[in-house]
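Below are the chains, spelled out letter by letter.
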Amino acid sequence: MKKILMTGFEPFGGESINPALEAVKLLDGVVLNNGIIVAHQVPVTRFKAIEVVIEAIKYHQPDYVITVGQASGRAAITPERIAINMDDFRIADNDGNQPIDQPIIMNGPNAYFSTLPIKAITQALQQQGIPCQVSNTAGTFVCNHLFYGVQHYLRYTQISHGFIHIPLLPQQATFGDQPSMSLDLIVAGLKIAAQAVIDNAFDIPLSGGSIC
Ligand code: PCA
């Protein structure tokens with residue numbers, strides 16, 4: 001029985017909800033084929049977010065870690081490919097930090113790739129009719145920060161980790177100028193993603209690039 005730690009960020013940027021937290025709360029304790037999900041809440045705060053997830057990893061001793069965050073403007077569930085060693089916050093985090101061009105880990109590598117099978121996740125969701133696309137940037141705010149920090153912490157372990165961004169909920173997008181996805185679909189998608197992680201020790205060769 002594999003254990004998947006799935007984390008969700010608290011609300012930020014003036015929002016009263018974060019779909020990531022709402023979704024992972026519903027997935028806490030959900031049983032998969034040969035696996036179980038445990039959920040944990042994460043603050044949208046520089047460095048503290050990483051510490052909270054490291055503590056949760058020490059406590060739960062998971063086989064896999066999936067960190068989840070909200071991405072306004074995205075219409076699909078997006079497994080992230082890469083985390084970069086760069087904090088450049090366009091808005092302040094929930095503790096008022098707003099670094100510009102600061103490294104996350106001093107002298108750390110420029111970037112880490114996700115160690116989750118992001119193409120297999122993408123294909124599994126698409127096959128179930130859930131919009132999903134590989135993302136090649138997790139931004140430069142707290143989601144990328146957490147993605148990089150956890151990847152750095154786990155770099156010499158057998159624990160796989162990756163970050164998944166999800167769209168806004170419909171109630172966060174009532175002005176009609178932002179894409180959104182229902183909580184039911186997000187929860188279904190994250191559950192399929194977790195199962196795909198368990199089922200795919202190696203990733204599959206599926207096109208997931210983008211052209212600028
Ligand atoms: N999304 C933000 C931080 C927390 C969240 O859910 C981001 O994409 O960086």
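What counts and what doesn't
Residues numbered from 1 in each chain as written. Predicted model: local features only at pLDDT ≥ 70, side-chain atom pairs only at ≥ 80, totals over all residues. Heavy atoms only, no water. Phe/Tyr/Trp six-rings, centres within 6.5 Å; stacked < 30°, edge-to-face > 60°. Helix = DSSP H or I, 4+ residues; strand = E, 2+ residues; numbered from the N terminus. Buried < 20%, exposed > 50% of the residue type's maximum accessible area, 1.4 Å probe, protein only. Pairing = 2+ DSSP bridges. Polar contact = N/O pair within 3.5 Å; in protein donor to acceptor, adjacent residues only side chain to side chain. Contact = heavy atoms within 4.5 Å. UniProt positions renumbered as here; feature names shortened; annotations may be inferred. 1 Å grid on protein atoms, 1.4 Å probe; cavity = no way out; pocket = protein on both sides within 12 Å on 5 of 7 lines; lining within 4 Å.

Asker: Is there a simple way to explain the packing of aromatic side chains in this structure?
Answerer: The relation between two aromatic rings is expressed through the spacing of the ring centres and the mutual angle of the planes. For the structure on display, the rule yields 5 aromatic pairs. Centroid distance Phe12 to Phe141: 5.8 Å. Interplanar angle 45 degrees. Geometry classified as tilted. Placement of the pair is Phe12 in the loop between β1 (2–9) and α1 (19–27) and Phe141 in the loop between α3 (118–127) and α4 (142–153), with a sequence separation of 129 residues. Phe141 carries the same exposure label as Phe12, and that label is buried. Between the aromatic rings of Phe89 and Phe141, the centroid separation amounts to 4.8 Å while the plane-to-plane angle is 80 degrees, which identifies the pairing as edge-to-face.

Asker: Looking at this structure, I do not really get the pairing of strand β4 (residues 64–70). What am I missing?
Answerer: Each regular strand carries side chains that alternate between the two faces of the sheet. Taken across its 7 residues, β4 has 7 buried, putting it largely inside the fold. Going residue by residue along β4, you find Tyr64, Ile66, Val68 and Gln70 tucked away on one face and Val65, Thr67 and Gly69 tucked away on the opposite face as well. By the bridge criterion, 5 bridges tie β1 to β4 in an arrangement that is parallel. From the neighbouring strand, Leu5 faces β4, where its bridge partner is Val65. Where β4 and strand β8 (residues 160–166) come together, 7 bridges link them in parallel fashion. Its bridge partner being in β8, Val65 is matched across the sheet by His161.

Asker: So what exactly am I meant to see when it comes to the side chain of Gln172 here?
Answerer: Topologically, Gln172 is positioned in the loop between β8 and α5 (183–199). Here the side chain of Gln172 touches Gln70 through a polar contact of 3.2 Å, side chain to side chain. Residues contacting Gln172, with those up to four places away along its chain left out, are Glu15, Ile17, Pro19 and Gln70.

Asker: Explain the UniProt feature "active site" (unreviewed entry) in the protein chain to me, please; I cannot follow it from the model alone.
Answerer: UniProt marks Glu80, Cys143 and His165 with the feature "active site" (unreviewed entry), using the numbering shown here. Across 86 residues of sequence, these annotated residues stay compact in space, with a maximum C-alpha separation of 10.2 Å. None of the other annotated residues line the largest pocket; only Cys143 and His165 do. Here Glu80 is to be found in the loop between β5 (78–79) and β6 (82–84). Dropping the residues within four chain positions of it, Glu80 is found in contact with Arg74, Ser114, Ile118, Ser135, Asn136, Thr137, Ala138, Phe147, Phe163 and His165. A distance of 2.7 Å separates the side chain of Glu80 from the side chain of Arg74, its partner in a polar contact. With respect to the helices and strands, the residue Cys143 is situated in helix α4. For Cys143, the contacting residues outside a window of four places in its chain are Phe9, Gly69, Ala138, Phe163 and His165.

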